[in-house]
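Notes for the structure review
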Amino acid sequence: MTKELEGIVALVTGATRGIGLATAKKLGRSGARIVISDLSSEQSETTKKALSELENENIRCDFFQCDVRKYSEVERMICEIERNIGNISVLINNAGIPQATKPLWEMSIEEWENVIKTNLDSVFYCMKLVLPKMIERNYGRIVTLSSISGKEGNAREAAYCATKHGVLGLTKSVAKEVLDYNIRINAVCPALINTPLLESLPQSQIDYFTRKIPLGRLGKAEEVADLVKFLVCSEAVNFITGMAFDISGGRADY
Ligand SMILES: NC(=O)c1ccc[n+]([C@@H]2O[C@H](COP(=O)([O-])OP(=O)(O)OC[C@H]3O[C@@H](n4cnc5c(N)ncnc54)[C@H](O)[C@@H]3O)[C@@H](O)[C@H]2O)c1
C-alpha cells in the first residue's frame, strides 16, 4: 500500500529531540524521506540516539548540523539537500529556544538577539530558501511551531512571546503570497509540552503554566506531531492556509 508521503522530502529543523523528533517520526512513518537538522553534531549522543530511533523504524533519514540563526548555514544545507537528496516539499520550522525568564529591561541585547535570531529570523531564512523551488513545482506544505505565547503575552517572556507572535505574522502573510501555487502555510500553537526544553525552565514556572491548562496536564510531543502531520498530509489542507492551530488542552478558547 502506498503511503501518503511516499516520494516527498521533508525537512524538520531542530529535530534531534522533542517535538521535532516526534514530528520526523510521524512524517517518516507516512513514507516521507526525512532530513533532520540541529545545532548538535552528528557525533553527539542526542543526534546518534535520534538517528538510531528513526533507523529502527526503517525511516530513511539524513542529518545536517546547521545553526538556523545563520543564513549561510541554512543556505548551504538547503542547497545540499536539493542537490543530493531531492526537492524539499515539506518544511517544518521547529527549531526554537525559550528565554531566560526576566523583565524586559534586564535582558541584554545579546539575549534578545539570540531569541529573535533562533525563533524568528530562522523561519524567514528557511521559507525564503525553500519557496522558490516549491513555487516552481507547484506544491509545498510548511508548518511552523509557534506557541500559546504567540497568542498571549507572558510577563518576563517578552522576547519569546514576540518571536512566537512574529512567526504567526509571517505565516498569515506569506500564505497569501503563494495561494496560487498549491502551497499551504500554517502554524501550531502548543501550550506547555513535555519535552527536554522544560529542563531549562524553573519548576515554579512549569507548575504555573500547567495550572493554566484546563485539561490539567502537560501536552505530549506526539500529540503536537499528530497535528503537524495533519497540516502536512490531510486533503482538508487544500482549503486551509495562513492559520494558527491551538493545541493547549483547552487554554486558548479563541
Ligand atoms: N515544549 C513546549 O512547551 C513548547 C510549547 C510551545 C512551543 N514550543 C516550540 O516548539 C519547538 C520545539 O520545542 P521542543 O519543546 O521540542 O524543544 P527542545 O528544546 O526539546 O528541542 C528544540 C531543538 O531545537 C534545537 N535548536 C535550538 N537552537 C537551534 C539553532 N540555533 N539551530 C538549530 N537547532 C537549534 C535544539 O538543539 C533542540 O534539539 C520550539 O520552537 C518551541 O519554541 C514548545
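The structure under discussion appears in the preceding block.
Before going into details, it helps to say that this report is about the structure given with it.

The rules behind each value
- Residues numbered from 1 in each chain as written.
- Predicted model: local features only at pLDDT ≥ 70, side-chain atom pairs only at ≥ 80, totals over all residues.
- Heavy atoms only, no water.
- Helix = DSSP H or I, 4+ residues; strand = E, 2+ residues; numbered from the N terminus.
- Rg over C-alpha atoms; globule rule 2.2 N^0.38 Å.
- Buried < 20%, exposed > 50% of the residue type's maximum accessible area, 1.4 Å probe, protein only.
- Pairing = 2+ DSSP bridges.
- Right-handed = clockwise from strand over helix to strand, strands pointing away.
- Axes fitted to C-alpha atoms, helices over the stretch in contact; angles between N-to-C directions.
- Parallel < 35°, antiparallel > 145°, perpendicular 65-115°, else oblique.
- Left-handed = near helix turned anticlockwise from the far one by under 90°.
- Contact = heavy atoms within 4.5 Å.
- Nonpolar A, V, L, I, M, F, W, Y, C, P; charged D, E, K, R; others polar.
- Near = heavy atom within 4 Å.
- Areas by Shrake-Rupley, 256 points an atom, 1.4 Å probe, with all protein chains shown as cover.
- Patch = residues over 30% accessible without salt bridge, like charges linked within 9 Å, V, L, I, M, F, W, Y side chains within 5 Å.
- Salt bridge = Lys/Arg side-chain N within 4 Å of Asp/Glu carboxyl O.

1. Notes on the overall build of the chain
- Helix and strand counts for the chain stand at 7 helices and 9 strands.
- Over its C-alpha atoms the chain spans a radius of gyration of 17 Å, differing by no more than 12% from the 18 Å that the globule rule assigns to 254 residues.
- The principal-axis extents of the C-alpha atoms in the chain amount to approximately 45 × 40 × 35 Å.
- The buried share of the chain, taken over its 254 residues, is 53%.

2. Overview of the pairing of strand E2 (residues 33–38)
- Burial analysis of E2 places 6 of its 6 residues in the buried class, which makes it a mostly covered element.
- In E2, alternate side chains face the same way, and those of Arg33, Val35 and Ser37 on one face and Ile34, Ile36 and Asp38 on the other are all buried.
- Where strand E1 (residues 9–13) meets E2, 5 bridges bridge the pair, whose relative direction is parallel. Bridging across to E2, Thr13 finds its partner in Ser37.
- Considered for its hand, the β-α-β crossover made up of E1, helix H1 (residues 18–29) and E2 is right-handed.
- Looking at chain direction, E2 and strand E3 (residues 61–65) are connected through 5 bridges and run parallel.

3. Here's the deal with the packing of H1 against helix H2 (residues 45–56)
- It is at 10 Å that the axes of H1 and H2 come closest, and there the two elements cross at 20 degrees. Relative to H2, H1 is oriented roughly parallel. Considering the relative orientation of H1 and H2, their crossing is right-handed. Residues Leu21, Ala24 and Lys25 of H1 touch H2, and the partners they reach there are Ala50, Glu53 and Leu54.
- Considered class by class, the residues forming the contact of H1 with H2 number 4 nonpolar, no polar and 2 charged.

4. As for the site of the ligand
- Taken together, the neighbourhood of the ligand is formed by 29 residues, with Arg17, Asp38, Tyr160, Ile193 and Thr195 sitting nearest.
- When the ligand is considered free in solution it has 820 Å² of accessible area, and contact with the protein chains removes 94% of it.
- If you list the elements that add at least two residues to the shell around the ligand, you get H1 and helix H5 (158–177).

5. What about unusual backbone geometry?
- One non-glycine residue, Asn58, lies in positive phi territory at about 60 degrees.
- For Asn58, the location among the structural elements is in the loop between H2 and E3.
- Using a relative accessible area of 72% as the deciding quantity, one classes Asn58 as exposed.
- The phi angle at Asn138 is positive, at roughly 60 degrees, despite the residue not being glycine.
- Among the secondary structure elements, Asn138 is positioned in the loop between helix H4 (109–137) and strand E5 (140–145).
- Among the residues examined, Asn138 registers a relative accessible area of 39% and is labelled partly exposed.

6. Looking at the sheet that holds E5
- As summarised here, the arrangement of the 7 strands in space is E3-E2-E1-E4-E5-E6-E9, forming an open sheet in which the pairing is parallel. Whereas interior strands pair on both sides, the edge strands pair on one side only; in this sheet they are E3 and strand E9 (244–247). Sheet twist, expressed as the mean angle between neighbouring strand axes with direction ignored, is 20 degrees.
- Across 4 bridges, strand E4 (residues 88–93) lies against E5 in parallel orientation. Within the sheet, the bridge partner assigned to Asn93 lies in E5 and is Thr144.
- Packed onto the sheet, H4 meets E1, E4, E5 and strand E6 (183–190) and runs at close to 160 degrees relative to E4.

7. Quick notes on a nonpolar patch on the surface
- On the surface, Leu104, Trp105 and Trp112 cluster together into a nonpolar patch covering about 400 Å² of accessible area.
- Structurally, Trp105 is set in the loop between E4 and H4.
- Accessibility expressed as a relative area gives 72% for Trp105, which makes it exposed.

8. Structural notes on the pattern of salt bridges
- Taken as a whole and assessed by the stated rule, the structure comprises 14 salt bridges.
- Across the pair Lys25 and Glu53 runs a salt bridge whose closest N-O atoms are separated by 2.6 Å. With Lys25 in helix H1 and Glu53 in helix H2, the pair connects residues that are 28 residues apart, well separated along the chain.
- With relative accessibility at 16%, the residue Lys25 sits in the buried group.
- Between Arg217 and Glu223 there is a salt bridge, with its nearest N and O atoms 2.8 Å apart.
- Via salt bridges that share partners, Lys25, Lys49 and Glu53 belong to a single interconnected network.

The analysis is restricted to geometry; functional conclusions fall outside its scope.
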